[in-house]
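# Architecture at a glance
Here is how the chains run, residue by residue.
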Amino acid sequence: TILGPDDKLILWTDAGPWKATRVDIADSPRVEAKLLQRLQKAGKTQLVTRVEVDEGKTALVSIDGQMTGRLAAGVAGYWNPGRKIATKLVDLTRQPLDVTGQEVLTRDRVTLRINISAEYRVVDPLLAVTSVKDFVDALYRALQLAFRKTIGALTLDQILERKGTVHAEAAEKVRTDMAAIGVSVSALLTEPPSGVS
């Protein structure tokens, strides 16, 4: 069995011998891997917060609101009596993001509808999670703003003439902004302007 802090258990000595192991959970909140396996097999995990991380992901662990570490793929456990354990899973694989049907007004008041697609990957999970509320939403907005700003400063004729340059300027702005929050952006593409009005 497993006893939490301040729990007691009385056993008959004649039914023994009994063996008891004390675990100091104050200094070391992490449960040893072998002990975690034993507790799982015995179904005695009520005092443990179990964290399972799939391949290609990482988990950021905070104890009582303070970030304490980062877990690789696998299973880990933390003693939870007297403390609050929270985890945030972050996918480290390359992910697609599409921004569709964005209407952009050019300098000569022509409305264009563009679709933007990007691939991104989190390279610094701690920075990505702590610097913004939602890094995917931040990327979405960065794509919107960068393309609106670069395209909105040009006339329709300039956009058609400098199509590649316009995209390169906007893409570089997005990459720089997202790198500052730990996200790498690649394969940034736009479909040709449609819906000219």
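Relevant structure appears above.
Criteria and cut-off values
Residues numbered from 1 in each chain as written. Predicted model: local features only at pLDDT ≥ 70, side-chain atom pairs only at ≥ 80, totals over all residues. Heavy atoms only, no water. Patch = residues over 30% accessible without salt bridge, like charges linked within 9 Å, V, L, I, M, F, W, Y side chains within 5 Å. Areas by Shrake-Rupley, 256 points an atom, 1.4 Å probe, with all protein chains shown as cover. Salt bridge = Lys/Arg side-chain N within 4 Å of Asp/Glu carboxyl O. Helix = DSSP H or I, 4+ residues; strand = E, 2+ residues; numbered from the N terminus. Buried < 20%, exposed > 50% of the residue type's maximum accessible area, 1.4 Å probe, protein only. Core = buried A, V, L, I, M, F, W, Y, C linked by side-chain atoms within 4.5 Å. Contact = heavy atoms within 4.5 Å. Pairing = 2+ DSSP bridges. Axes fitted to C-alpha atoms, helices over the stretch in contact; angles between N-to-C directions.

## Brief notes about a nonpolar patch on the surface
On the surface, L3, L9, L11 and W18 cluster together into a nonpolar patch covering about 400 Å² of accessible area. Note that L3 resides in the segment before β1 (30–31). A relative accessible area of 40% places L3 in the partly exposed class.

## Notes on the pattern of salt bridges
A complete count under the given rule lists four salt bridges for this structure. A salt bridge links E52 to R50; the nearest nitrogen and oxygen atoms lie 3.2 Å apart. You can call E52 partly exposed: its relative accessible area is 45%.

## Some details on the nonpolar core
Among the nonpolar cores identified, the biggest contains 32 residues, and L143, M178 and L188 are the most heavily contacted of them. Within the residue set of this core, elements represented by two or more residues are β7 (95–105), β8 (111–122), α3 (135–152), α4 (156–161), α5 (163–179) and β9 (183–190). Counting residues per element, this core draws most heavily on α3, which supplies eight residues. In this view, M178 contacts F135, A138, L139, A142, V183 and V185; residues no more than four positions away in its chain are not counted. Formed by nine residues, the second largest nonpolar core is a distinct cluster that contains V51, A59, V61 and A76.

## Considering the sheet that holds β9
The strands making up a sheet associate through backbone hydrogen bonding, with each pair oriented either parallel or antiparallel. Spatially, three strands are ordered β7-β8-β9 in an open sheet, and the strand pairing comes out antiparallel. Among the strands making up the open sheet, the edge pair consists of β7 and β9. The mean angle between the axes of side-by-side strands here comes to 25°, regardless of whether they run parallel or antiparallel. Examined bridge by bridge, β8 and β9 share six bridges and lie antiparallel to one another. Pairing of V122 across the sheet is with V183, part of β9. Packing against the sheet, α3 makes contact with β7, β8 and β9, and its axis sits at approximately 35° to β7.

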